Amino acid sequence: MTAGAPPEADAARLVGSRDAAGPASAYHRDAMRVAPTTLEKLAFGRVIDALADRASTPLGRDRARTVTPDMSDFAIEVACERTEEVLGGDDVPLGGVEDVRPLVQRVRDGHILDGREVLQIAYTMDAAGTVRRALARGGRPRLGELAARMASFDGPLRTVREQLDPNGEVRDDATPKLRDVRRRLQPLRGRIRDRLTQLLAQHAEHVQDPIITLRRDRYVIPIKASAQSRVPGIVMDVSDSGQTVFVEPASVVPMNNELTVLEIEDRDEVRRILIALGQRLAFDPDLEPTLDALSELDVAVASARLARDWSLVRAEIAEGAALRLPAARHPLVEGCVPNDVQLDDDGRVLVVTGPNAGGKTVLLKTVGLAVLMAHAGLFVAASRTRADGRPQRVGVPRVRAVLTDIGDEQSIEASLSTYAGHLTNLRRVVEEAAPDTLVLIDELGSGTDPDEGAALSQAILETVLARRAVAIVTTHLAPLKVFASRCEGVHNAAMRFDVDALQPTFELVVGQPGRSYALAIAKRIGLDEGLLERAAELLGPEGARLEFLLETLERQRESLQRELDEARAAADEARGDAEVLREQIARLREREEELLERAAEKADEMLKGTLQRATELRRTAATDPQARGQAIEALQALRKETRVLRRPPKEREATDTLQPGTLVRVESYGAEGPVVEVRGDVLVVQLGLLKVEVPRREAKRVRPREKASAGSRRDAPVAAVSQAVRELNVRGERVESALEAIRDFVHEAHAVKAPAVRILHGKGTGALRDAVRQYLKQERLVERFEDAVPYEGGHGVTVAYLRS
């Protein structure tokens, strides 16, 4: 941001105008203040260099080098959204865009550009039009805003194409005057050459070389110096040897004069054209906004390339102590071990301890650089995806200052010792610490007496905590470890160290203080046992106890971590098994749907065949009296088949155990009898003196009982007589399908001269019975109808008598 400029200017610069940006006050907070030394220590300049290296144009490289972490909230949001749109869309065509600002400035300073320089500006304008059209296709609103700030320059570019050729030369027909001048020039040159050719032939003995050349922009011929007087004319030049003079013959002088005048007119007109073209392009009011938008677009493209090359992600910026950097790493450190760093209102200060060269300083710089990059509208080196694939938040707090004390501040010139240099920085930290500041202190309390250093360091931490600043501090001092474990709002953390391998793992462990490992490392490399024992004695009971507690905590943590890893592995395995089961279930469902589809297709085919067969049988019954009986019987058989197929599977299973000899009751006849024969879903049952075929579902098993009395035998002839009456069972059917079946049944019975038919509709609610009787009233083939006698079904059966 420009010093002294209002904060709204930053947002307006990014989107073109304050109107386009919206009310800047809704997005802006006080700009971040970062000392140049802080930017240097956190290597922000190296990030900017990497950003500039990825720009496609000189305009973009210059703009990238101006990126600083002092952007407004709205400007940060716009920059990040542009980067996301570049990453998620087609490549942005920036070819042909050159830095024409020096050429434009030369024109504005009153200089004249040649044709090639004019073309360079024109080509950049044309490339801007190409970019504008590419971005205006939609789907990328932030880039579309940049496109809206670019002009197409159709008019100026058309003029350039009309007046300059691809090599930058002014065309002969650029203007009417130039066309006229050049139309006269070429024939005049031809006449001059023709005349000189004649003179060369005429004075051949005096000519040094038979050629026509130019001297002082005038056509001449080479004459021997000794024969100069033999060719009348003006000497325009002499050769170095003095043997040849270049003579403009007198007869050619008028034509050369005319040629000179025309060439001066040509030169002046070309100069006037180039001036006009240069000024039209350089003073075009849309040129500067277009170049500015192109440079911003190139920075967005470079930012996307940086994010892709370094695997960066967008970080949210929020008020408060919302620092969450999962799998954070330093983008400039090759092979950097990622660590999860998190601070919030419940834990605003993180005290990191551990051995030297364990990665504490790198951790500080990782967090500081991530905050700076986020406030500069760049993506950060972290991960938005957990190990199990689930998304996770990446965010940094909105801060107005980053206060650091990193590295050696010793200065001989300023008479500052190492510790004094640290104190200078720490004084600034204490003075400026606030809720919206990030404090990074490396090796707090070092460089002086440990006891005094620890006391002063704890006081500084208490002040930082009271000011509600967000802070990460590294130290080796044991009292600070104790302070962090007891103080609310402060968390301990440690950098792990592999004692067996004698090397750090660079892994951050939050929740426990770290050990220096000095004695453990000394023992591992074979230092004298007596010396180590003496060192332990000198450490004192309190120090030894602290080291022992830390060692115990570390072992417990490692044990818990192993158990946690095993539990996570088991959970992952269970999730994998569940996924396999889900896939198997999905395949079974697909198979089920496939089988149902095939069954439906087969049922449709069977139904179609049945309907065709029924149609043929009805036609036969209606047209062939001799075959009518057989056709009617075949139709009845088809109807029974259809009923059996339509019966629910459970009903069929309920009667599967019926076999010859089983005593059943047939409700439709109101009689009982033994099963004589089983024909699939049809039973042949002996009812009195007659054998009848009934559907299996209508036969209910009954217990065997004594033979019927004489009274019941007297009823047998009546039952027998009833079998001469044809019947149709429509119980449980819907009204529409039942009436359709009854209509076909009545017509078939009438066709075979049956006197009457029985329709079994059941009692139930009476709705089906009423519908059947309403139909029989309207059927012309029915003479009358009535309820069946009580022992043959009563109200559940209607007997219809047919007309003869």
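Residues numbered from 1 in each chain as written. Predicted model: local features only at pLDDT ≥ 70, side-chain atom pairs only at ≥ 80, totals over all residues. Heavy atoms only, no water.

Peer 1: Got a minute to help me understand the overall build of the protein in this structure?
Peer 2: Along its length, the protein carries 24 helices and 23 strands. Residues classed as buried in the protein amount to 41% of the 804 residues present. Sequence-distant contacts in the protein: of pairs separated by 6 or more residues, those separated by 24 or more amount to 67%. (Helix = DSSP H or I, 4+ residues; strand = E, 2+ residues; numbered from the N terminus. Buried < 20%, exposed > 50% of the residue type's maximum accessible area, 1.4 Å probe, protein only. Contact = heavy atoms within 4.5 Å.)

Peer 1: I tried to follow the layout of surface pockets on my own but got confused; where do I start?
Peer 2: In this approach a probe as big as a water molecule rolls over the atoms, and the regions it shows empty are the leftover space. Taken as a whole, the largest pocket encloses approximately 1,100 Å³ of empty space. Taken together, 30 residues make up the lining of the largest pocket; nearest its centre are Asp 340, Ala 387, Gln 561, Leu 564 and Arg 568. Residue assignment for the lining of the largest pocket shows that the elements contributing at least two residues are β6 (323-328), β7 (339-343), β13 (490-498), β14 (503-510) and α19 (529-623). Per element, the largest residue contribution to the lining of the largest pocket is eight residues, and it comes from α19. (1 Å grid on protein atoms, 1.4 Å probe; cavity = no way out; pocket = protein on both sides within 12 Å on 5 of 7 lines; lining within 4 Å. Points joined across faces, edges and corners; volume = space filled by probe spheres on them.)

Peer 1: Any chance you could explain the environment of Arg 467 here in plain terms?
Peer 2: Relative to the helices and strands, Arg 467 resides in the loop between α16 (450-466) and β12 (470-474). Since its relative accessible area comes to 34%, Arg 467 is described here as partly exposed. Taking the C-alpha atoms as reference, Arg 467 lies 6.2 Å from Pro 435; in sequence the two are 32 residues apart. The contact partners of Arg 467, leaving out residues within four places of it in the chain, are Val 430, Glu 431, Ala 433, Ala 434 and Pro 435.

Peer 1: Could you clarify how one ought to interpret the pairing of strand β21 (residues 756-760) in this entry?
Peer 2: Residues in a regular strand project their side chains so that they alternate between the two faces of the sheet. When you tally the buried positions in β21, you get five out of five residues, the bulk of the element. Neither face of β21 is left uncovered, since the one carrying Ala 756, Arg 758 and Leu 760 and the one carrying Val 757 and Ile 759 both have all their residues buried. The sheet contact formed by strand β20 (residues 726-729) and β21 spans four bridges and is parallel. Paired with Arg 726 across the two strands is Val 757, which belongs to β21. Read as a crossover between parallel neighbours, the route from β20 over helix α23 (residues 735-751) to β21 is right-handed. With five bridges connecting them, β21 and strand β23 (residues 797-802) associate as antiparallel partners. Bridged to Leu 760 within β23 is Val 797. (Pairing = 2+ DSSP bridges. Right-handed = clockwise from strand over helix to strand, strands pointing away.)

Peer 1: I tried to follow the side chain of Thr 290 on my own but got confused; where do I start?
Peer 2: Counting through the fold element by element, Thr 290 comes out in helix α13 (residues 287-310). Apart from residues no more than four positions distant in its own chain, Thr 290 is found in contact with Ala 128, Arg 149, Met 150, Ala 151 and Phe 153.

Peer 1: How do you make sense of the nonpolar core when you look at a structure like this?
Peer 2: Side chains that are nonpolar tend, in soluble globular proteins, to be buried together. Among the nonpolar cores identified, the biggest contains 60 residues, and Leu 325, Val 380 and Ile 472 are the most heavily contacted of them. The greatest single-element share of this core, amounting to nine residues, is contributed by helix α14 (residues 360-375). Apart from residues lying up to four places away in sequence, Val 380 is in contact with Leu 312, Val 313, Ala 315, Leu 325, Ala 370, Met 373, Ala 374 and Val 394. Of all hydrophobic cores here, the second largest spans 45 residues; its members include Val 100, Val 118, Leu 178 and Val 301. (Core = buried A, V, L, I, M, F, W, Y, C linked by side-chain atoms within 4.5 Å.)

Peer 1: Help me understand a negative patch on the surface in this model?
Peer 2: Where like charges cluster on the molecular surface, the negative patch consists of Glu 590, Glu 592, Glu 593, Glu 597, Glu 601, Asp 604 and Glu 605. Note that Glu 597 resides in helix α19. (Patch = residues over 30% accessible without salt bridge, like charges linked within 9 Å, V, L, I, M, F, W, Y side chains within 5 Å. Areas by Shrake-Rupley, 256 points an atom, 1.4 Å probe, with all protein chains shown as cover. Salt bridge = Lys/Arg side-chain N within 4 Å of Asp/Glu carboxyl O. Lys, Arg positive; Asp, Glu negative; His and termini not counted. Charge placed at Lys NZ, Arg CZ, Asp CG, Glu CD.)

Peer 1: Would you take a moment to explain unusual backbone geometry for this structure?
Peer 2: Both trends apply: most residues other than glycine have a negative phi, and most peptide bonds are in trans. In this structure, Ala 43 is a non-glycine residue whose phi angle is positive, near 60°. Along the chain, the position of Ala 43 falls in the loop between α3 (36-41) and α4 (44-53). Exposure remark for Ala 43: the relative accessible area of 14% places this residue in the buried category. Positive phi outside glycine occurs at Arg 216, with the angle close to 55°. If you trace the backbone, Arg 216 turns up in the loop between β1 (213-215) and β2 (218-224). By relative accessible area, Arg 216 is classed as exposed at 67%.

Peer 1: Quick question: what am I supposed to make of the sheet that holds strand β4 (residues 244-249) here?
Peer 2: Strand pairing within a sheet occurs via backbone hydrogen bonds; the two strands may be parallel or antiparallel. If you trace the four strands from one edge of the open sheet to the other, you get β1-β2-β4-β3, paired in antiparallel fashion. Either end of the sheet is taken by a strand with one partner, and the two such strands are β1 and β3 (233-238). Averaged over all neighbouring strand pairs, the angle between strand axes comes to 50°, with direction disregarded. Bridge count between β2 and β4: four bridges; the pairing is antiparallel. Across the sheet, Pro 222 pairs through a bridge with Phe 246, a residue of β4. Sitting on the sheet, helix α11 (residues 176-202) is in contact with β2 and β4, with an inclination near 10° to β2. (Axes fitted to C-alpha atoms, helices over the stretch in contact; angles between N-to-C directions.)

Peer 1: Explanation requested: the side chain of Glu 117 in the structure shown.
Peer 2: Position of Glu 117 among the secondary structure elements: in helix α8 (residues 115-135). Residue Glu 117 is classed as buried on the basis of its relative accessible area, which comes to 17%. Here the side chain of Glu 117 touches Arg 106 through a polar contact of 2.8 Å, side chain to side chain. With residues near it in sequence (within four places) discarded, Glu 117 still touches Leu 103 and Arg 106. (Polar contact = N/O pair within 3.5 Å; in protein donor to acceptor, adjacent residues only side chain to side chain.)

Peer 1: Could you clarify how one ought to interpret the packing of α23 against helix α24 (residues 767-778) in this entry?
Peer 2: Taken N-terminus to C-terminus, the directions of α23 and α24 make an angle of 40°; their axes are 10 Å apart at the nearest point. The orientation of α23 relative to α24 falls into the category oblique. The interaxial crossing formed by α23 with α24 has right-handed handedness. Contacts from Val 735, Ala 738, Leu 739, Ile 742 and Arg 743 in α23 reach Leu 768, Ala 771, Val 772 and Tyr 775 in α24. When its residues are assigned to classes, the contact of α23 with α24 shows eight nonpolar, no polar and one charged. (Parallel < 35°, antiparallel > 145°, perpendicular 65-115°, else oblique. Left-handed = near helix turned anticlockwise from the far one by under 90°. Nonpolar A, V, L, I, M, F, W, Y, C, P; charged D, E, K, R; others polar.)

Peer 1: Got a minute to help me understand the environment of Ala 122 in this structure?
Peer 2: The residue Ala 122 is located in helix α8 in this model. If we ignore the near neighbours within four places in the chain, the residues touching Ala 122 are Leu 157, Val 160 and Leu 281.

Peer 1: Sorry if this is basic, but what is going on with the sheet that holds β20 here?
Peer 2: Taken together, four strands build an open sheet; the order of strands is β20-β21-β23-β22 and the sheet is mixed. Each having just a single partner strand, β20 and β22 (782-787) make up the two edges of the open sheet. Strand-to-strand, the axes of this sheet are offset by a mean angle of 20°, without reference to chain direction. Pairing analysis gives five bridges linking β22 to β23, with the strands arranged antiparallel.

Peer 1: I keep staring at the packing of aromatic side chains and nothing clicks. Help me out?
Peer 2: Ring pairs (aromatic) are described by centroid distance and by the angle formed between their planes. Taken as a whole and judged by the stated rule, the model has zero aromatic pairs. In this structure, Arg 108 packs its charged tip against the face of Phe 283, placed 5.9 Å from the ring centre. In this structure, Arg 215 is placed above the aromatic ring of Phe 246, and the distance from its NZ or CZ to the ring centre is 4.1 Å. (Phe/Tyr/Trp six-rings, centres within 6.5 Å; stacked < 30°, edge-to-face > 60°. Lys NZ or Arg CZ within 6 Å of the ring centre and 35° of its normal.)

Peer 1: Could you clarify how one ought to interpret the packing of α16 against helix α17 (residues 478-486) in this entry?
Peer 2: It is the contact of α16 with α17, at a shortest axis distance of 9 Å, that shows an interaxial angle of 30°. When the interaxial angle is binned, α16 and α17 end up roughly parallel. Crossing hand, α16 versus α17: right-handed. On the side of α16, the interface is formed by Ala 454, Ser 457, Gln 458, Leu 461 and Glu 462, while α17 contributes Pro 479, Leu 480 and Phe 483. Looking at the contact of α16 with α17 residue by residue, the classes come out as five nonpolar, two polar and one charged.

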